[in-house]
Amino acid sequence: TSVASLRLASNRYFRSAGKEGDGWRRKNLFINTTLFGKAAERVAARRKKGEYVLVRGRLELNEWIGEDGRTRRDYSIFAEEISSPGGGKRGLDKEPGADDEREEGSGNPANAARLN
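Values in this document were obtained by computation on a predicted structure and should not be read as measured data.

Participant: Explain the pattern of salt bridges here, please?
Facilitator: Once the charged atoms of two side chains with opposite charge are near each other, the side chains can pair. Within the structure shown, the criterion is met by seven salt bridges. For the salt bridge of Lys38 with Glu41, the shortest nitrogen-to-oxygen distance reads 3.9 Å. Residue Lys38 and its partner Glu41 are both found in helix H1 (residues 37–46); the two are separated by three residues, about one turn of the helix. Across the pair Glu63 and Arg73 runs a salt bridge whose closest N-O atoms are separated by 2.9 Å. Linking Glu63 in strand S3 (residues 52–65) with Arg73 in strand S4 (residues 71–83), this pair joins segments that are ten residues apart in sequence.

Participant: What exactly am I supposed to notice about the nonpolar core here?
Facilitator: Most often, soluble globular proteins keep nonpolar side chains buried together rather than apart. Formed by Ala4, Leu6, Leu8, Ile31, Leu35, Ala39, Ala40, Val43, Val53, Ile77, Ala79 and Ile82, the largest nonpolar core amounts to twelve residues. With residues near it in sequence (within four places) discarded, Ala79 still touches Thr33, Thr34, Leu35, Val55, Arg56 and Gly57.

Participant: Explain the pairing of S3 here, please?
Facilitator: It is a general feature of regular strands that their side chains alternate between the two faces of the sheet. Taken together, the twelve bridges between S3 and S4 define a ladder with antiparallel strand orientation. Considered in S4, the bridge of Glu60 is made with Ser76. If you look at the hairpin formed by S3 and S4, you'll find five residues sitting between the two strands, and Gly69 has a positive phi there, around 85°.

Participant: I tried to follow a nonpolar patch on the surface on my own but got confused; where do I start?
Facilitator: A grouping of Leu29, Leu59, Leu61 and Tyr75 is seen on the molecular surface, where their side chains present a nonpolar patch of about 370 Å² in accessible area. Locating Leu59 in the fold gives a position in strand S3. A relative accessible area of 55% means that Leu59 is categorised as exposed.

Conventions adopted
Residues numbered from 1 in each chain as written. Predicted model: local features only at pLDDT ≥ 70, side-chain atom pairs only at ≥ 80, totals over all residues. Heavy atoms only, no water. Salt bridge = Lys/Arg side-chain N within 4 Å of Asp/Glu carboxyl O. Helix = DSSP H or I, 4+ residues; strand = E, 2+ residues; numbered from the N terminus. Core = buried A, V, L, I, M, F, W, Y, C linked by side-chain atoms within 4.5 Å. Buried < 20%, exposed > 50% of the residue type's maximum accessible area, 1.4 Å probe, protein only. Contact = heavy atoms within 4.5 Å. Pairing = 2+ DSSP bridges. Patch = residues over 30% accessible without salt bridge, like charges linked within 9 Å, V, L, I, M, F, W, Y side chains within 5 Å. Areas by Shrake-Rupley, 256 points an atom, 1.4 Å probe, with all protein chains shown as cover.

Below, the structure written as structure tokens:
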């Protein structure tokens, strides 16, 4: 069985008042993602770092105690399908349509993450 492991980056922008003054801030979230079988083969052949993608699968929270005694948390996705919300880096600039390249299925471009 083929296996593909990739890391997704999801960025969230928000307004914040803080020590450095009012302004926009960015919060980055990195999620390890694993695909199996034909979906893994398609992602390896068609996807490149920096592309926007939509992922459908199972989100899991992993918790453990670090060496310092603190609880650590990490999220991972076991993906069933990955699709493009309109093609490559400009994928969020247009609505999904018939010309989209898809592994399987379709999704909402507002929820896209970027391959990292």
